Amino acid sequence: MTDLQKSPADAAQTPSGDPFLSVRDLRIHFDTDDGLVRSVDGVSFDLHKGRTLGIVGESGSGKSVTSLGIMGLHRSKRARISGEIRLNGEDLIAAGPDRVRQLRGRDMAMIFQDPLTAMHPYYTVGQQIVEAYR
Ligand SMILES: Nc1ncnc2c1ncn2[C@@H]1O[C@H](COP(=O)(O)OP(=O)(O)OP(=O)(O)O)[C@@H](O)[C@H]1O
Ligand SMILES: [Mg+2]
């Protein structure tokens, strides 16, 4: 039986154990010249290993800002991030940028919105440059 065929009660039985990614009450606000923009305002979800999670919402609803926040890619001083992002139990908001950089590409990766202009996150940049020469 696929997940789609399960009844809502079955589907609610998520895998046991701790989630691989846990997001709790995530808020990502930006200070702008026009005032505070609340792009993400209290988002929570869990993702277990081997499972897929789709986030659906209208344009501008904060899907990309959420994903970039998890990846630690909001580098602007104007971004204010609060809440909890745990990867394998590790608090990514408390972890410094050096630690998050270690995890990027190893434990987490992002395919950006325009995938044809981006590098594939599973392969090193070097492998992808060599591939073109070959
Ligand atoms: N650096 C920033 N400073 C201020 N506002 C921002 C910044 N980045 C994003 N926003 C705003 O946050 C909101 C959410 O944007 P986001 O790109 O996450 O939407 P989205 O759900 O990914 O939309 P789409 O489906 O079009 O990709 C938008 O109103 C956007 O203008
Ligand atoms: Mg987007």
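One can find the structure itself at the top, above this paragraph.
Here the structure is a predicted model, which is why all the values come from computation and not from measurement. Counting restarts for each chain, with residues numbered from 1 along the sequence as it is written. For naming, the first written chain is A and the first written ligand is 1, with later ones following in the order written. Where totals are concerned, whole chains, interfaces and linings use all residues; where local detail is concerned, this predicted model gives features only for residues with pLDDT of at least 70, and gives and counts side-chain atom pairs only at 80 or more. Only hydrogens and water are set aside; all other atoms, that is, all heavy atoms of the structure, feed into the side-chain values.

## Quick notes on the pattern of salt bridges
Then, number 1: Salt bridge criterion: a side-chain nitrogen from Lys or Arg within 4 Å of a carboxyl oxygen from Asp or Glu. One pass over the structure, following the stated rule, counts 9 salt bridges.
Then, number 2: In this structure, Arg78 engages Asp33 in a salt bridge whose closest nitrogen and oxygen atoms are separated by 3.0 Å. With Arg78 in the loop between α2 (63-70) and β3 (79-87) and Asp33 in the loop between β1 (21-32) and β2 (35-47), this pair connects stretches of sequence that are 45 residues apart.
Then, number 3: Burial classes follow relative accessibility: with a 1.4 Å probe on protein chains only, a residue under 20% of its type's maximum area counts as buried, one over 50% as exposed, and anything between as partly exposed. Overall, Asp33 belongs to the exposed group, its relative accessible area being 71%.
Then, number 4: The salt bridge partner of Glu84 is Arg86, with a shortest N-O separation of 3.2 Å. Strands are runs of DSSP state E lasting at least 2 residues, helices are runs of H or I lasting at least 4, and numbering of each runs from the N terminus.

## A word on the side chain of His29
Then, number 1: Locating His29 in the fold gives a position in strand β1.
Then, number 2: Side-chain polar atoms of His29 contact the side chain of Asp41, separated by 2.8 Å.
Then, number 3: What makes two residues a contact is simply this: any of their non-hydrogen atoms within 4.5 Å. Not counting chain neighbours up to four residues away, the residues in contact with His29 comprise Leu36, Val37, Arg38, Ser39, Val40, Asp41, Arg78, Ala79 and Arg80. Throughout this description, a polar contact denotes any pair of N or O atoms lying within 3.5 Å of each other; where both atoms belong to protein, one of them has to be capable of donating a hydrogen while the other can accept it, and for residues adjacent in sequence the pair is counted only when both atoms sit in side chains.

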